Amino acid sequence: MEWANQLCENRQFGSKMTDSKYFTTTKKGEIFELKAELNSDKKEKKKEAVKKVIASMTVGKDVSALFPDVVNCMQTDNLELKKLVYLYLMNYAKSQPDMAIMAVNTFVKDCEDANPLIRALAVRTMGCIRVDKITEYLCEPLRKCLKDEDPYVRKTAAVCVAKLHDINAQLVEDQGFLDTLKDLISDSNPMVVANAVAALSEIAESHPNSNLLDLNPQSINKLLTALNECTEWGQIFILDCLANYTPRDDRESQSICERVTPRLSHANSAVVLSAVKVLMKFMEMLPKDLDYYSTLLKKLAPPLVTLLSAEPELQYVALRNINLIVQKRPEILKHEMKVFFVKYNDPIYVKLEKLDIMIRLASQANIAQVLAELKEYATEVDVDFVRKAVRAIGRCAIKVEQSAERCVSTLLDLIQTKVNYVVQEAIVVIKDIFRKYPNKYESVIATLCENLDSLDEPEARAAMIWIVGEYAERIDNADELLESFLEGFHDESTQVQLQLLTAIVKLFLKKPTETQELVQQVLSLATQDSDNPDLRDRGYIYWRLLSTDPVAAKEVVLAEKPLISEETDLIEPTLLEELICHIGTLASVYHKPPSAFVEGSRGVMHKRLPARTGSGESTESPDVGTAAGGSAPEAAPSIIPSQGDLLGDLLNLDMAPPTTSGPPPPTTGMQMGGMDLLGGGLDSLLGGDIGGSPAMGAGFGAAPAVMPASLNAPVGGGLGDLFDLGGVGMPMGAYIPPKIVWLPAMKAKGLEISGTFARRAGVIQMELILTNKAMSVMTDFAIQFNRNSFGLAPAGPLQVLTPLGPNQTIEVSLPLSTVGPVMKMDPLNNLQVAVKNNIDVFYFSCQYPISMLFVEDGKMERQVFLATWKDIPNDNESQFQIKDCHLNSDAASSKLQGSNIFTIAKRTVEGQDMLYMSIKLSNGIWVLAELRVQAGNPNYTMTTIRRSGSSLKMLTFFTCAACTLTSLCCCCMDLMLSQYNT
């Protein structure tokens, strides 16, 4: 509390021996006596009375009844007495708001006192009194104090602005205090600069959308200048502010790092961690081949090591932060392994944290040293620490393959000690080693089975059961071992019961003749005698599989298992980036983002590390980016121009979610038509080619329909399924092909992607079904397209808001734009896609129906259509047959309009209906066609026209759209595209 802080400051006015007497009295009726003393004419007696009041207030006594009497004591020149009265006011003003107004005049007067200490004290106290009525009177004194000649008053006023903003934000904005606060960043006094930065940062945190700290190179230079002369807490404020800045390029990033690096040698650990945070963030923008980059890595290690020589509590905070740093950049401390060796007198929380970091730094170079330490730890007396040490040996085996044999040997030595909890932990980690290195260390199974009777912990028993079931064919008495567990089935934990059920089913599938009675017994126990739904469901599934199709059961239960990952406890990359941005705060100790434990609006703004760029590169280049995890590839891969190779531009695309949240701006036909996809010169229909009609430019040059503001807007106009041939009068819409599998799970480490394309409300949608068929959780999804014929690109990020667990499926709709980079594909509607998650980046290709590109403003004016049709010679016509379409001309026209194929005119010649139609593609290309429908004849004749020698041909896209009438889109697609590519 503010008043408590000030109380501490008052110790300079009296010794502890003198003031302690005020806290020892227990007299009754002292309120009356204090009241009399407060109204005494003697200054010393009045001061003594105020001290007694403050002492009573400090120990929790209610002395609010003395409010008017204490306020009367404000009129004094004694600084000590004034401080005490201000303390009292801060504590009781909220409960006595009407009485507190009595003190306003004294506050205003004190703000103009000749003594700067009194001016600062007055404005600070007014800021701490959270009473709306007083707040109104604070504005003018605060304005004066912000421009006071004394820096102590200015720095106090700067903090007061933040407090006032917390009480009444609108008032602060209306009075222009925020602009004054920004001006203080240029103040000549470094402490004023630090307090101004602290105040602006606090206000910005409570209002994440405001752009208060509008940092630029000039203001950053001022902050760095002030950094050298600030107090330690001022340095922390400025460093935290610097951490929120994103440099323009690697040169500016290096310059800031050079000026921040001296802070690493500061005596205050908070300053050191704040400096580390800035350097860790700005290192992201430095090229790894830069000499300064390696120099900076070397400079970061000593201060982090020094932090470990502090008190245990500070060590723990440092270790939690180092844990994050090591996960992001293990090379910083790769030579400092010995620092993390456990000392005998370390508290348990420090020991466990050091152990975790040791495993993260373990490598082939130091594994012998690490294993010797871990084996020593496994003989300690602290049970929790021993367990963690044994598990650490197993993690080392999984992480460093070359050390696996030595780790297994160490674990066997520990098992021979026959210490119960050591044996059980060893069995748990050996199970993981079997999963990581199948058919390599199974010779130790006999040793494990010898200790089977000593297992009493659920996890160890479950691990042993898994080993027996998985390697039943190598264990002669596997049935007897599992049967011994079965005797107390109902007393086992759910984990053991589930594992035992699966192990016995495995045993039965491997040795069916010997274990039929055993499998019937366990299935009966699981399904009939158990009330656990998970156990019962698994039992029924196994029972049904075994009774109906034993071959299928074998394929399911004895399927090859995926290898376990090396580091199962690593923090998810996106979260790690955010935590790196919060080094030195509670978030870095909890290993949770601020939004997980900070209530209200403060602290919920997510931070990310900047993307790495070269000094000569533009950060806005669409072809150069970084992975969503935040770090760029070590060497930029070359762009492969051939569209036939899926690894072409996809390797060089930015996998991070797009930064724009709204729809992209529409492009004109001229812009998109500027690139000839089809070879030859582009003969645009813009500007008087065709009969010089003034309407021609408007008809052909108009921009395609603007994407609606809401990408998820409901489809209006009753658009239905074009395939619904039940009745012509029913609502109609664009054809949506059925979903097909684009990326099978076996090619994507367990991720299966199915999908299709749709056009709704003028927006092209890529509708995806993501299925996780792996054993691990999938997160951090992102998507990117390679260059393609029509510039298709995601209009927003891939919205997978929750982690995708094993065997889970999620449907996602991704809006697309047509303003991406363009390159001719083969086939023309081929789309190459890259999907990233926390596991890997996966590539696949799919084909989109051309009808998705038909825009809503594709209805050509009649006069323009006629002039264009007449202008093209008959030699340039192409005809196609559409077979088995049982619709009359009106029904066909109505249904085609749902796919943005518009009928311009209709005429009947000799009993044959002739429909003249126009289509406009998203890139401004127009297609003209004639459809002939003979009553009673299910075969249509389609005529399309093209301009001779022109790449802008009157193409047969229409053929595809017409085929949607009979669900034969796929059959005609090849014909359509072969004509398109001619």
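The structure presented is a predicted model; accordingly, all values stated were derived computationally and were not measured.

### Notes on the overall build of the protein chain
Stage number 1. The helix and strand tally for the protein chain stands at 40 helices and 13 strands.
Stage number 2. Relative to its 982 residues, the protein chain shows a buried fraction of 52%.
Stage number 3. Approximately 44,400 Å² of the protein chain is accessible, and the part contributed by carbon and sulfur atoms is 51%.

### Side note on the sheet that holds strand 3 (residues 763-772)
Stage number 1. Read across the open sheet, the five strands follow the order 1-2-3-6-5; overall the sheet is antiparallel. Two strands bound the open sheet, and with one partner strand each, they are strand 1 (740-743) and strand 5 (793-794).

### Re the pairing of strand 11 (residues 912-920)
Stage number 1. By the criterion of burial, strand 11 is predominantly enclosed, with eight of the nine residues buried.
Stage number 2. The sheet contact formed by strand 10 (residues 902-909) and strand 11 spans seven bridges and is antiparallel. Bridge pairing in strand 11 places Phe902 opposite Ser918.
Stage number 3. Following strand 10, the chain reverses through two residues before pairing antiparallel with strand 11; Glu910 in that reversal takes a positive phi of roughly 55°.
Stage number 4. Summarising the sheet, strand 11 and strand 12 (residues 926-934) pair through nine bridges and their orientation is antiparallel. Its bridge partner lying in strand 12, Tyr916 is registered against Glu930.
Stage number 5. Adjacent in sequence and paired antiparallel, strand 11 and strand 12 are bridged by five residues, among which Gly924 carries a positive phi angle near 95°.

### Quick notes on the pattern of salt bridges
Side-chain pairs of opposite charge can arise where the charged atoms are in close proximity.
Stage number 1. Within the structure shown, the criterion is met by 31 salt bridges.
Stage number 2. Of the charged contacts, one joins Arg360 and Asp356 as a salt bridge, the two residues approaching to 3.4 Å between their closest N and O atoms. One end of the pair is Arg360 and the other is Asp356, both in helix 21 (residues 348-361) and four residues apart, which spans about a single turn.
Stage number 3. Bridged by salt links that share partners, the residues Arg387, Arg391, Glu425, Glu457 and Glu459 form one connected network.

### Section: the state of the cysteines
Stage number 1. Inspection of the entire model under this criterion finds zero disulfides.
Stage number 2. Not part of a disulfide, Cys111 finds its nearest cysteine sulfur in Cys145, a span of 4.5 Å.

### Topic: the packing of helix 20 (residues 312-328) against helix 33 (residues 573-580)
Stage number 1. Where helix 20 contacts helix 33, the axes come no closer than 10 Å and their chain directions differ by 125°. It follows from the interaxial angle that helix 20 and helix 33 lie oblique. In terms of crossing hand, the pair formed by helix 20 and helix 33 is left-handed. Residue-level inspection shows Leu324, Ile325, Gln327 and Lys328 of helix 20 in contact with helix 33, the latter providing Leu576, Glu577, Leu579 and Ile580.
Stage number 2. Along the lines of polarity and charge, the residues of the contact of helix 20 with helix 33 split into five nonpolar, one polar and two charged.

### As for the packing of aromatic side chains
Stage number 1. As enumerated under the stated definition, the model contains 11 aromatic pairs in all.
Stage number 2. Between Tyr437 and Tyr441, the aromatic rings sit 6.1 Å apart at their centres with planes inclined by 85°, giving edge-to-face as the arrangement.
Stage number 3. Geometrically, the ring pair formed by Phe790 and Tyr848 is edge-to-face, given 6.5 Å between the ring centres and 80° between the ring planes. Note that Phe790 is positioned in the loop between strand 4 (782-785) and strand 5 and Tyr848 in the loop between strand 8 (841-847) and helix 37 (862-871), a separation of 58 residues in sequence.

### Regarding unusual backbone geometry
Stage number 1. Cis geometry is adopted by the peptide bond preceding Pro827, which originates at Asp826 and carries an omega value of 0°.
Stage number 2. Topologically, Pro827 is positioned in the loop between strand 6 (809-817) and strand 7 (830-836).
Stage number 3. With a phi angle near 60°, Asn439 is a residue other than glycine that sits in the positive phi range.
Stage number 4. Its location among the elements puts Asn439 in the loop between helix 25 (420-436) and helix 26 (445-450).
Stage number 5. Positive phi, normally seen in glycine, also occurs at Asn807, with a value near 65°.
Stage number 6. With respect to the helices, strands and loops of the structure, Asn807 is situated in the loop between strand 5 and strand 6.
Stage number 7. On the basis of relative accessible area, Asn807 is assigned to the exposed category, the value being 67%.

### Re the environment of Ile129
Stage number 1. Residue position: Ile129 is located in the loop between helix 9 (116-128) and helix 10 (132-146).
Stage number 2. A residue is classified by how much of its surface remains accessible, and Ile129, at 1% relative accessible area, is buried.
Stage number 3. Expressed as a C-alpha distance, the spacing of Ile129 and Met90, which sit 39 residues apart in the sequence, is 5.3 Å.

### A closer look at a nonpolar patch on the surface
Stage number 1. Taken together, the side chains of Leu586, Tyr590 and Phe597 define a hydrophobic patch exposed on the protein surface, amounting to about 280 Å² of accessible area.
Stage number 2. Note on placement: Leu586 falls in helix 34 (residues 586-590).

### Comments concerning the side chain of Asp249
Stage number 1. Among the structural elements, Asp249 can be located in the loop between helix 16 (232-243) and helix 17 (250-260).
Stage number 2. Here Asp249 is buried and forms no salt bridge, its nearest opposite-charge partner Arg248 lying at an N-O distance of 5.3 Å.
Stage number 3. A polar contact is formed between the side chain of Asp249 and the backbone nitrogen of Arg251, at a distance of 3.1 Å.

### Side note on the environment of Cys885
Stage number 1. Summarising the element assignment, Cys885 is placed in the loop between strand 9 (877-882) and helix 38 (889-897).
Stage number 2. Overall, Cys885 belongs to the buried group, its relative accessible area being 1%.
Stage number 3. Residues Cys885 and Tyr940 lie 55 residues apart in sequence; the distance between their C-alpha atoms is 7.3 Å.

### A short note on the sheet that holds strand 4
Strands pair in a sheet through their backbones, by hydrogen bonds, and they do so in one of two ways: parallel or antiparallel.
Stage number 1. Pairing is antiparallel across the open sheet formed by three strands, whose spatial order is 4-7-8. A strand with exactly one partner marks an edge of an open sheet, and here the two such strands are strand 4 and strand 8. Direction aside, the axes of adjacent strands within the sheet are offset by 25° on average.

### Side note on the pairing of strand 2 (residues 751-760)
Stage number 1. With nine of 10 residues buried, strand 2 lies mostly within the body of the structure.
Stage number 2. Relative to strand 2, strand 1 is paired through three bridges, and the arrangement is antiparallel. Bridged to Leu743 within strand 2 is Ile753.
Stage number 3. Count of turn residues in the strand 2/strand 3 antiparallel hairpin: two residues, of which Ala761 carries a positive phi of about 50°.

### Looking at a negative patch on the surface
Stage number 1. A contiguous patch of negative charge, built from Glu480, Glu483, Glu487 and Glu517, is present on the exposed surface.
Stage number 2. Tracing the chain through its elements places Glu487 in the loop between helix 28 (478-486) and helix 29 (494-510).

### Quick word on the packing of helix 27 (residues 458-470) against helix 29
Stage number 1. Two elements in contact, helix 27 and helix 29, have axes whose closest approach is 8 Å; the angle formed by their N-to-C orientations is 10°. Judged by the angle between their axes, helix 27 and helix 29 are roughly parallel. Contacts between helix 27 and helix 29 pair Pro458, Glu459, Arg461, Ala462, Ile465, Trp466, Gly469 and Glu470 from the former with Gln495, Val496, Gln499, Leu500, Ala503, Lys506 and Lys510 from the latter.
Stage number 2. Broken down by class, the residue content of the contact of helix 27 with helix 29 amounts to seven nonpolar, three polar and five charged.

### A closer look at helix 23 (residues 383-399)
Stage number 1. End to end, helix 23 covers 24 Å across 17 residues, agreeing with the expected 24 Å (1.5 Å per residue, within 8%).
Stage number 2. Turning to helix 23, its buried residues number three or more, namely Phe385, Val386, Arg387, Ala389, Val390, Ala392, Ile393, Gly394, Cys396, Ala397 and Ile398.
Stage number 3. Tucked inside the fold, the buried residues of helix 23 contact helix 21, helix 22 (367-377), helix 24 (404-415) and helix 25.

Conventions and cut-offs
Residues numbered from 1 in each chain as written. Predicted model: local features only at pLDDT ≥ 70, side-chain atom pairs only at ≥ 80, totals over all residues. Heavy atoms only, no water. Helix = DSSP H or I, 4+ residues; strand = E, 2+ residues; numbered from the N terminus. Buried < 20%, exposed > 50% of the residue type's maximum accessible area, 1.4 Å probe, protein only. Areas by Shrake-Rupley, 256 points an atom, 1.4 Å probe, with all protein chains shown as cover. Pairing = 2+ DSSP bridges. Salt bridge = Lys/Arg side-chain N within 4 Å of Asp/Glu carboxyl O. Disulfide = S-S within 2.5 Å. Axes fitted to C-alpha atoms, helices over the stretch in contact; angles between N-to-C directions. Parallel < 35°, antiparallel > 145°, perpendicular 65-115°, else oblique. Left-handed = near helix turned anticlockwise from the far one by under 90°. Contact = heavy atoms within 4.5 Å. Nonpolar A, V, L, I, M, F, W, Y, C, P; charged D, E, K, R; others polar. Phe/Tyr/Trp six-rings, centres within 6.5 Å; stacked < 30°, edge-to-face > 60°. Patch = residues over 30% accessible without salt bridge, like charges linked within 9 Å, V, L, I, M, F, W, Y side chains within 5 Å. Lys, Arg positive; Asp, Glu negative; His and termini not counted. Polar contact = N/O pair within 3.5 Å; in protein donor to acceptor, adjacent residues only side chain to side chain. Charge placed at Lys NZ, Arg CZ, Asp CG, Glu CD. Expected span 1.5 Å × (residues − 1).

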